[in-house]
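# Structure at a glance
What follows is the residue order along each chain.
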Amino acid sequence: MGCLIQLLTALKTQFQPQANPISLLFSSSPFSFVIMATSELKSDNLFEMMKLHLASDAGKDLTKKIGLVYQINISPKKIGIDEVSYVVDLKKGEVTKGKYEGGKPDAIFSFKDDDFIKVATGKMNPQIAFMRGAMKIKGSLSAAQKFTPDIFPKPAKM
């Protein structure tokens, strides 16, 4: 109990609000804690819809037609910073969170969250996004050219 009180006292004295609410680092010998706030990306919902879409008949046709694996890295504000990765496997018809572990994906895309939503919903042309630097590509350019808004589920119209 004494160690717990010492630890809490040390944390309390070291805690100072910081400008970045995403992560706060507390350190007290011999203990270290990292507290990460959960920040949901707008893209998370789109990838959840994509899972359902790939299970449908239209999704199965898409899988047969394209047959490629894409890794998509999404950053909240700036490409390359605090990225969340998704794998859209159009060989198996799966969407998973995390980096691709089956070798190399056919193409890797990096986006800011807002720009990814624009491309996925057809509000921004992928070629324009690439030319403006809103989308970065690694891997096969021929595979990347098959990455179009058509592979994403269409939002329901009301």
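What counts, and at which threshold
- Residues numbered from 1 in each chain as written.
- Predicted model: local features only at pLDDT ≥ 70, side-chain atom pairs only at ≥ 80, totals over all residues.
- Heavy atoms only, no water.
- Pairing = 2+ DSSP bridges.
- Helix = DSSP H or I, 4+ residues; strand = E, 2+ residues; numbered from the N terminus.
- Buried < 20%, exposed > 50% of the residue type's maximum accessible area, 1.4 Å probe, protein only.
- Polar contact = N/O pair within 3.5 Å; in protein donor to acceptor, adjacent residues only side chain to side chain.
- Contact = heavy atoms within 4.5 Å.
- Axes fitted to C-alpha atoms, helices over the stretch in contact; angles between N-to-C directions.
- Parallel < 35°, antiparallel > 145°, perpendicular 65-115°, else oblique.
- Nonpolar A, V, L, I, M, F, W, Y, C, P; charged D, E, K, R; others polar.

The next point concerns the pairing of strand E5 (residues 94-97). In this sheet, E5 lies alongside strand E4 (residues 84-89) in antiparallel orientation, the contact comprising 4 bridges. What sits directly across from Tyr86, in E5, is Lys97. Between E4 and E5, which follow one another and run antiparallel, lie 4 residues, and Gly93 among them has a positive phi close to 75 degrees.

With respect to the secondary-structure elements, Ser85 resides in strand E4. Assessed through its relative accessible area of 7%, Ser85 is described here as buried. Only 3.3 Å separates the side chain of Ser85 from the side chain of Lys99, close enough to count as a polar contact. Ignoring anything within four residues of it in the chain, the contact list for Ser85 reads Gln71, Ile72, Asn73, Thr96, Lys97, Gly98 and Lys99.

For any two helices packed against each other, the geometry comes down to the angle between their axes and how far apart the axes lie. At their nearest, the axes of helix H2 (residues 42-55) and helix H3 (residues 57-66) sit 4 Å apart, and the two run at 85 degrees to each other. The pairing of H2 with H3 is recorded here as roughly perpendicular in orientation. Packed against H2, whose contacting residues are His53, Leu54 and Ala55, the element H3 presents Asp57, Ala58, Gly59, Lys60, Leu62 and Thr63 at the interface. Class assignment for the residues of the contact of H2 with H3 results in 4 nonpolar, 3 polar and 2 charged.

Burial analysis of E4 places 5 of its 6 residues in the buried class, the great majority of the element. When strand E3 (residues 69-75) meets E4, the two strands line up antiparallel, connected through 6 bridges. Across the sheet, the residue bridging to Ile72 is Tyr86, located in E4.

Our next topic: the sheet that holds strand E7 (residues 135-139). A sheet is described by the order of its strands in space; here 5 strands give the open sequence E5-E4-E3-E6-E7, paired in mixed fashion. In the strand order of this sheet, the two ends are held by E5 and E7, each with one partner. Within this sheet the neighbouring strands show an average axis-to-axis angle of 20 degrees, counted without direction. Here helix H4 (residues 113-120) sits on the sheet and contacts E3 and strand E6 (107-112); the angle it forms with E6, its principal contact strand, is near 115 degrees.

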